[in-house]
Structure formats: structure tokens, C-alpha cells
Amino acid sequence: MKKALIPLAVFGAMSGGVYGQTATTVYGIVDAGISSENTGKSSLTSVSSGNVYGDRLGFKGTEDLGGGMSALYTLEMGFNINDGTMGQSTSLFNRQSFVGLSGRAGTLTLGRQYTTLFRAQLDYDPFFTGFAGNAGHMMSNGGGTQGARTNNSIFYVTPNVSGFEGQLLYGLGGQAGNNQAMREMGGALGYKNGPLNVKVSYHNAIDPAGLNSASNLNLMATYDFGAIKIYASEQNNSRDNIEGTTTPATTTTVTYGDHTRDSLIGMSMPFGSGSFRASFIHKADQTRANANANQLGLGYIYAMSKTTDLYTSVSKINNDALSSIRVVSAGKSDRLFNIGMDHKF
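Definitions and cut-offs
Residues numbered from 1 in each chain as written. Predicted model: local features only at pLDDT ≥ 70, side-chain atom pairs only at ≥ 80, totals over all residues. Heavy atoms only, no water. Phe/Tyr/Trp six-rings, centres within 6.5 Å; stacked < 30°, edge-to-face > 60°. Lys NZ or Arg CZ within 6 Å of the ring centre and 35° of its normal. Salt bridge = Lys/Arg side-chain N within 4 Å of Asp/Glu carboxyl O. Helix = DSSP H or I, 4+ residues; strand = E, 2+ residues; numbered from the N terminus. Buried < 20%, exposed > 50% of the residue type's maximum accessible area, 1.4 Å probe, protein only. pLDDT = per-residue confidence, 0-100. Contact = heavy atoms within 4.5 Å.

**Topic: the packing of aromatic side chains**
Logical step 1: Summed over all chains, the structure comprises 8 aromatic pairs.
Logical step 2: Here the aromatic rings of Y223 and F225 are separated by 4.7 Å at their centres, their planes lie at 50 degrees, and the arrangement is tilted.
Logical step 3: Members of the aromatic cluster, connected to one another through ring pairs, are F127, F131 and Y311.
Logical step 4: Looking at K60, its charged tip hangs above the ring of Y27, at a distance of 5.0 Å from the centre.
Logical step 5: Over the aromatic face of F155 sits the side chain of R119, whose NZ or CZ is 3.9 Å from the ring centroid.

Here it is, written out as C-alpha cells:
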């Protein structure tokens, strides 16, 4: 990604002296294509936004504070390139917005940030959580109504020690009179060394009413053989009733029962100036019979340069009689195809 560095002098308001200097990076991704989806009951072909990478414009910076410590920040907004509207939500910096400190003891940040579960998904999904065959169609990446990002969150990353790294996230619900509502917490422990990457992640989120708790536990691993990279993931999802009120079990990306299990196996293989990608995901509903689902995804990315790609992908979801992932009526199949390009700057 090409970075534009803007040095900003930070002046002391009282003394007029310069306390430090911040290096700010302006960056972004624009991704557009044509998508065609058939749910077995209806079909739609359209110009689509963010098929591989979510369209974004961001600003991030660091300041050396001395003694091995630095200040950092990220402000990142999402948008839809097909119509110019805001992405994710109507908020300005809706993708990420945080500020924090980094030093020998690790990194601590506060704001709107990715869940530990989504950070793991960025590693184990050969479709980068985008593309027609992405894991987000089948597997929860946050467990709660906020999805992959958590508002009002505190996030801590340990120093990397011989390949091991830990992560902790706590999101305050921010609702007066109800400390439970919208509260989220998660953690992860990973090991990365050479071609091997292994991580276990956990996330728990409480709904806006403070009545139901959704939990996700994920174990993932990837291994890069050079000629081919293998991806694998196993995730358990459960929903607990906190106060005895029964409500539908939902997340922002997938509807599931009280207890489900997701299994993913995938690969990426260099070919020419690009790479083939494939994955298979099985969702097993362990609460209801005839409510399982499978997804098969295939895709290819062609690198025109270091910053510009052409891509295409196709996926098919087969729902059992009581499953309705990405379809209006249970038991229907979903077919999705897209082709397009992205540019990073």
C-alpha cells in the first residue's frame, strides 16, 4: 500500500515549544465490481462495492514520546463506491476510530475497534472476509449486534515473545441504568513463526436489552508450504438466556440456533501473477435437526501491480430444510458471483 506521510508539528499551547512530531499516513482502498446473486426465489445483478476489501479512507499516525513509548491513532471511514453513501453505519469513522499508547509493555487503545474474533477471521479466511465465498456468510465474527467492531472498547495487545502474542478486549455497553446491555469482551492467544500461524479466540456479547448472551470460541491454523497455503478453522457458537426470556438467536451476519459449530477448510495457491482461492464451510446446528448448511467458494485474484487487482469469485450455499442463511425462505440455495477490481493507495 502506497503511503502519503504528512509531518505534523505538535506545539505546546502554553510554552510555544515543540513537544514532538507526528507522522500521519493517509491511506485507502477502492473496490468495485458486478455481483449477481440468486436465492432460488429472487435474483439481483448490480454494481457492488467492497467485494474483496471494504472501501475505506483512513488516517493513522504515531508520535515518538521517548523512552520506548509512542502515541498512536487510527481514524477510518467506510463508504460504498457504487453510490457514494457511508458504509457500515451513518457514523463518520465507522470502520475504526481509536487512540492509544504503545511501549515495551504492549499496546493499549481505546475507541471503536475490531473484535478479537474478527482479527482471527482475517487470518483463517482465504477470501479476506470479502469475496463471494467469504466466511462471514456462515461464521459470526463478533457474536453480538455490533458485529466485527465494538464501540466503547478497550483493547490491549501484549508484546510478541518468541512468536506468542495475547489480545484482550472489553467493550463497555454505554447504556445508562443497564451495565449488561451491549457489553462485549474477548481474548485471543496466538503463535506465529515462519509458515505456521495458530490462534485461539473467544468473544462474548450481550444484546441491547441485556437479556441474551452470545459466545463464540474459535481455533484456527494456517500453514504456508510455498506452493500452497492451507487454512483451517473450528468455531463453536452458543447463545445463553440471561433472564429467562426467549428471543431469536441472531448476529449481524448469520442466524443460528442455541448451539452451532462451524468448520472451515481452505487453500490459496499462487498461479501466474495471482492466486487461486477456495474454501468449504459446514455449519452444524446442534440444537435443531435439518438446520445445517454448507458453503463452497472459489475465486481468483490477478495482481496487475502492487496496488491494483482484478478478481472474480463464485459461491454456493446449500441450506437444509430449516436453515435460511442468505435466503428469505428456509431450505433454499444461494448462488453468488462477482467480478471486479480494487486499488489500494
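**Topic: the pattern of salt bridges**
Logical step 1: Per the counting criterion, the structure on display carries 10 salt bridges.
Logical step 2: A salt bridge links E76 to R95, with the nearest nitrogen and oxygen atoms 2.7 Å apart. One end of the pair, E76, is in strand 5 (residues 69-78); the other, R95, is in the loop between strand 5 and strand 6 (96-103), and 19 residues separate them in sequence.
Logical step 3: Residue class for R95 comes out buried when judged on its relative accessible area of 5%.
Logical step 4: R239 is the partner of D207 in a salt bridge, and the nearest nitrogen-oxygen pair spans 3.9 Å. With D207 in the loop between strand 11 (196-206) and strand 12 (212-224) and R239 in strand 13 (residues 229-241), this pair connects stretches of sequence that are 32 residues apart. Assigned by exposure class, D207 and R239 land together as buried.
Logical step 5: Three or more residues joined by partner-sharing salt bridges are found here, namely E37, R326 and D334.

**As for the confidence of the model for the protein chain**
Logical step 1: Per-residue confidence for the protein chain gives a mean pLDDT of 88; residues scoring 70 or more make up 89%.
Logical step 2: In the model of the protein chain, strand 1 (residues 4-11) stands out as the element of lowest mean pLDDT, 41, in contrast to strand 6, which has the highest, 98.
Logical step 3: Across residues 1-18, confidence stays below pLDDT 50; counting only partners more than four residues off in sequence or on other chains, it has 34 contacts.
Logical step 4: Under a pLDDT of 50 for its full length, residues 244-257 has, in the predicted model, 37 contacts with residues more than four places off or in other chains.

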